Amino acid sequence: MNPSPHLLADDRGVVTQCPRCHRANRIPFSRLHQSGQCGSCKAPLAHPALPVEIESLAIFSALIAGASLPVLVDFWAPWCGPCQMVAPEVARLAALVAGTMLVAKVNTEANPDIAGRLGVRSIPLFVVFFNGKEVDRTAGAMGAEQLQAFASAAARRAEGAR
Ligand SMILES: [Zn+2]
């Protein structure tokens, strides 16, 4: 459904492919800040550098509750033109912040339960979560650097308030 390059997650972690043996590996949400290695061939696994498409409320809840890094979630829909325009910027952001923040995406059309819980009214909407809580949100398309500045400022405030 999402045509741009992305990773997937289950309710325990982000699923990524080993660059050497191509086996699927799960990086647990609680270890997103650490450098992992392939469970099969022990090759080092890179931090997720693509947006992670969240496909259910259960996965979303597990990610927000368990993530060891701040999470920026892009709420989008296939019919939303500005969302399509901003998708490459969101992908660029994921590469810019790899290892310090996780970038996730929620298709609000496929997941109305998540959108309803978050009170999503206009999209694209970007929400930053840290330690299980929403920290800040902003609506409307913007560039990767602007998104990074917004998300970093929100994460810093949350860390200071901890
Ligand atoms: Zn491997």
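Placed above this text is the structure.
Residues numbered from 1 in each chain as written. Predicted model: local features only at pLDDT ≥ 70, side-chain atom pairs only at ≥ 80, totals over all residues. Heavy atoms only, no water.

Summarise the nonpolar core; cite the residues concerned and give the values.
Leu32, Ile54, Phe60, Leu63, Val73 and Phe75 are the most contacted members of the largest nonpolar core, which totals 33 residues. When residues of this core are traced back to their parent elements, those giving at least two are β1 (7-9), β6 (52-54), α1 (57-66), β7 (71-76), β8 (102-107), α3 (112-118) and β9 (125-130). At five residues, the largest contribution of residues to this core is made by α1. Those residues in contact with valine 73 that lie beyond four places of it in its chain are Phe60, Ile64, Ala104, Val106, Leu125, Phe126, Val127 and Phe129. (Core = buried A, V, L, I, M, F, W, Y, C linked by side-chain atoms within 4.5 Å. Buried < 20%, exposed > 50% of the residue type's maximum accessible area, 1.4 Å probe, protein only. Helix = DSSP H or I, 4+ residues; strand = E, 2+ residues; numbered from the N terminus. Contact = heavy atoms within 4.5 Å.)

Explain α1 to me, using residue names and the numbers behind them.
Among all positions of α1, only Leu57, Ile59, Phe60, Leu63 and Ile64 are buried. Each buried residue of α1 lies within a common arc of 160 degrees when the element is viewed along its axis, so the set occupies one face. (Arc of directions from axis to C-beta.)

How would you summarise the coordination of the zinc ion if you had to cite specific residues and measurements?
Six octahedral donors around a metal ideally subtend angles of 90 or 180 degrees, whereas four tetrahedral donors ideally subtend 109.5 degrees. Taken together, the protein ligands of the zinc ion are Cys18 (SG), Cys21 (SG), Cys38 (SG) and Cys41 (SG), with distances of 2.3 Å. Considering all four donor atoms around the zinc ion, angles at the metal cover 104 to 116 degrees and the coordination shape is tetrahedral. Linear spacing of the donor residues for the zinc ion on their chain is C-x2-C-x16-C-x2-C. With a gap of 20 residues between them, cysteine 21 in the loop between β2 (13-17) and β3 (24-28) and cysteine 41 in the loop between β4 (36-37) and β5 (44-45) connect regions that are remote in the sequence. Owing to a relative accessible area of 22%, cysteine 41 belongs among the partly exposed residues under this scheme. (Donors = N, O, S within 2.8 Å, 3.2 Å for Na, K, Ca; no water. Tetrahedral: all angles 85-135°; square planar, octahedral: opposite > 155°, others 65-115°.)

Can you explain the packing of aromatic side chains? Please cite residues and give values.
Going through the model one piece at a time under the given rule, you end up with two aromatic pairs. Following the ring pairs from residue to residue traces out a cluster consisting of Phe60, Phe75 and Phe129. Lying over the aromatic face of tryptophan 76, lysine 105 brings its terminal NZ or CZ to 5.4 Å of the ring centre. (Phe/Tyr/Trp six-rings, centres within 6.5 Å; stacked < 30°, edge-to-face > 60°. Lys NZ or Arg CZ within 6 Å of the ring centre and 35° of its normal.)

Help me get a handle on the packing of helix α2 (residues 81-96) against helix α4 (residues 144-161), residues and values and all.
Where α2 meets α4, the closest approach of the two axes is 8 Å, and the angle between their N-to-C directions is 55 degrees. Classified by the angle their axes make, α2 and α4 are oblique. Between α2 and α4 the crossing geometry is right-handed. Mapping the contact onto sequence places Glu89, Val90, Arg92, Leu93 and Leu96 in α2 and Ala144, Glu145, Leu147 and Gln148 in α4. Of the residues that constitute the contact of α2 with α4, the class distribution is five nonpolar, one polar and three charged. (Axes fitted to C-alpha atoms, helices over the stretch in contact; angles between N-to-C directions. Parallel < 35°, antiparallel > 145°, perpendicular 65-115°, else oblique. Left-handed = near helix turned anticlockwise from the far one by under 90°. Nonpolar A, V, L, I, M, F, W, Y, C, P; charged D, E, K, R; others polar.)

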